[in-house]
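Below are the chains, spelled out letter by letter.
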Amino acid sequence: MELKEGKGLDVLNELKERGFVEQVTDEEGLGEYLSSPSTCYIGFDPTADSLHVGSLVPILSLVHMQRYGHRPIVIVGGGTGLIGDPSGRTEMRKLLSRDDIDRNALGIKNQLARFLNFDDGKALFLNNADWLTPLNYIDFLRDIGCHFSVNRMLATESYRMRLEQGLTFIEFNYMLLQAYDFYYLAKEYSCFLQMGGSDQWGNIVAGVDLIRRKLGKRAYGMTFPLITTASGSKMGKTAQGAVWLSEEKTSVFDFYQYWVNTDDRDVVRFLKLFTFLPLEEIHKVENLTGEQLNPLKRILAYEVTALVHGHERAKEAYLSACKTFGFIEIGADILPSSSIPRAILDEVSDAIPVTMINKEKIDEGVSIVDLFVETGLCNSRSAAKRLIEQGGAYVNDRRVVDIHEKLKKDLFVGGSLLLKAGKKRIHRVRLE
RNA sequence: GGAGAGGUUCCCGAGUGGCCAAAGGGAGCAGACUGUAAAUCUGCCGGCUUGCGCCUUCGGAGGUUCGAAUCCUCCCCUCUCCA
């Protein structure tokens, strides 16, 4: 990963131009802070063992920081995860066990290692359980609690919406703990910038205040906008659930497809947010409309997939999609920095998710309905039948009309067969 | 601890003894149209079944009844007011 030369304002400007910045506590001061190599941090909740598309913005902001020579710190909330952040929630979070949290933290760390360089302390991965669990309740109240005004806490957006629903005391403490994290990092790691989602504003500001009071130093906060799609839904949510960054949870092909299916209105915005393609190049394609956006969508999908899964896997997904949806020439002048293959390649690569099936089973013929269920393309046999009745089921690109159809061996061309649910969801079945 | 209100299928939300697998909306899925877009239109949208139909569901457990999401009892949970 190449390093960028530049002053603090440059990172800030790049982040702003790319749409990463919602709010900053003190823009001028922050610019100054970032004018020399500095440290910044973001906390991630260990609520699952994988991050999803929604976490991409925070992750990539840290990557930008590292590229400009700053030191990102990732905090995994091993301690705060035991509490549960009420921000942006209308219901209390499910409390996780310690084991769950530890396992999730590990998964998250492995994923982040794909994005950030953790060598030689260029980025740090810390677990706040290390300093939160040893805290003594009485000491904490006296040292930290005395700096917080309940009146002001209640006035914050994050708590106000919860006051209608009910808020437990354990959750009410979350803000103090996160503020303490920031204070601790400022003290121990000279980290004076915290970033986070817009729902974190209250927690971040609390930390900034605490640092001022305890250390007499100036700290900064920055929040990212909540990224929604043009049609109004949250990023990374589909009927199947979240779009995950881990291959086990969301196949590379599906991941790629998620991005190709981006709404027209979002394409340029997403190129800025989710790829590292130079802004000058993106500016040049900003005015493309209609069908011309298709190459951009493919590039967007390719680039994001490459960031998350690597170029090889991205290429496979891209070529698999081309096989199904057709190849279009992507001009060399369109976003030239992208390494998407621009010529027709006839490599035999395949990123379509695969299910293996026992050979013996096929001999007596396997029911088409069962196969759709087994591959996960349908949730139940009823759903599979419905799909067929509605004409959305395909075997090797032939529409299935009969619910009772049994698939025989001869349909397995070269030992494999292609199932489609609708026009976009594809699955391969191989004999073993 | 006391008083009241409430917990319905993915979400919101109707339903107060049979016509309820449960209105309506949203989300989602499929089809048509397209550009793997959006919008629109049509259909679907608990499970099993070719189908007649059968099974499971209305916070939980019991009960009344030929029959319960609807009535009764106990329990759990949430909210509001009071302490």
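None of the values given here were measured: they were computed from a predicted structure.

What counts as what
- Residues numbered from 1 in each chain as written.
- Chains lettered and ligands numbered in written order.
- Predicted model: local features only at pLDDT ≥ 70, side-chain atom pairs only at ≥ 80, totals over all residues.
- Heavy atoms only, no water.
- pLDDT = per-residue confidence, 0-100.
- Near = heavy atom within 4 Å.
- Polar contact = N/O pair within 3.5 Å; in protein donor to acceptor, adjacent residues only side chain to side chain.
- Helix = DSSP H or I, 4+ residues; strand = E, 2+ residues; numbered from the N terminus.
- Nonpolar A, V, L, I, M, F, W, Y, C, P; charged D, E, K, R; others polar.
- Phe/Tyr/Trp six-rings, centres within 6.5 Å; stacked < 30°, edge-to-face > 60°.
- Buried < 20%, exposed > 50% of the residue type's maximum accessible area, 1.4 Å probe, protein only.
- Lys NZ or Arg CZ within 6 Å of the ring centre and 35° of its normal.
- Contact = heavy atoms within 4.5 Å.
- Pairing = 2+ DSSP bridges.

### Here's the deal with the confidence of the model for chain A
- Confidence in the prediction of chain A, expressed as mean pLDDT, is 87, and 90% of residues score 70 or more.
- Across the assembled chains, the prediction reports ipTM 0.87 with pTM 0.89.

### What about the protein's contact with RNA strand B?
- Looking at RNA strand B, there are 36 residues lining it, with Gln257, Asn261, Ser382, Arg386 and Lys424 nearest.
- Expressed as a percentage, the sugar and phosphate content of the atoms of RNA strand B within 4 Å of the protein is 74%.
- Contacts to RNA strand B include Lys297, whose side-chain N or O atom sits 2.8 Å from a base nitrogen.
- Between RNA strand B and His404 there is a distance of 3.1 Å, counted from a sugar or linking oxygen to a side-chain nitrogen or oxygen.
- Among the elements of the structure, α8 (157-165), α12 (252-260), α15 (293-309), α16 (311-325) and α19 (381-389) are those that each provide at least two residues to the surface near RNA strand B.
- In terms of residue count, the dominant contributor to the surface near RNA strand B is α19 (five residues).
- Among the residues forming the surface near RNA strand B, the class breakdown is eight nonpolar, 14 polar and 14 charged.

### Here we look at the packing of aromatic side chains
- For the structure on display, the rule yields 16 aromatic pairs.
- With centroids separated by 6.3 Å and ring planes inclined at 90°, the aromatic side chains of Tyr33 and Phe192 adopt a geometry described as edge-to-face. One end of the pair, Tyr33, is in helix α2 (residues 27-33); the other, Phe192, is in the loop between α10 (174-189) and β5 (193-197), and 159 residues separate them in sequence. Each of the two residues, Tyr33 as well as Phe192, counts as buried.
- Taking 6.4 Å as the distance between ring centres and 80° as the angle between the ring planes, the aromatic pair formed by Tyr302 and Tyr318 counts as edge-to-face. With Tyr302 in helix α15 and Tyr318 in helix α16, this residue pair connects regions lying 16 residues apart in the sequence.
- For Tyr318, a relative accessible area of 0% translates into the label buried.
- Through successive ring pairs, a cluster of aromatic residues spans Trp131, Phe140, Tyr180, Tyr183 and Tyr184.
- Directly above the aromatic system of Trp244 lies the positively charged group of Lys249, at a separation of 4.3 Å from the ring centroid.

### Structural notes on the environment of Lys109
- Tracing the sequence through the fold places Lys109 in helix α4 (residues 98-112).
- For Lys109, a relative accessible area of 37% translates into the label partly exposed.
- As a C-alpha pair, Lys109 and Val76 span 33 residues in sequence and 8.3 Å in three-dimensional space.

### With respect to the side chain of His70
- By the secondary structure assignment, His70 is in the loop between α3 (56-67) and β3 (71-76).
- Take His70: its relative accessible area is 5%, and that puts it in the buried class.
- Apart from the residues within four sequence positions on either side, His70 is in contact with Val11, Leu34, Ser36, Pro37, Ser38, Met65 and Lys122.

### Quick look at the sheet that holds strand β15 (residues 425-431)
- Spatially, five strands are ordered β9-β15-β14-β11-β12 in an open sheet, and the strand pairing comes out mixed. Single-partner strands in this sheet number two, and they are β9 (354-357) and β12 (398-399).
- One ladder, built from three bridges, connects strand β11 (residues 393-395) with strand β14 (residues 416-421); its direction is antiparallel. What sits directly across from Ala393, in β14, is Ala421.

### Regarding the pairing of strand β2 (residues 39-44)
- For β2, the tally of buried residues reaches five of six residues, placing the bulk of the element in the interior.
- Strand direction decides the pairing type here: β2 and β3, joined by six bridges, are parallel. Pairing of Phe44 across the sheet is with Val76, part of β3.
- Sheet topology places β2 next to β5; three bridges connect them, and they run parallel. Counted as the bridge partner of Tyr41 is Gln194 from β5.

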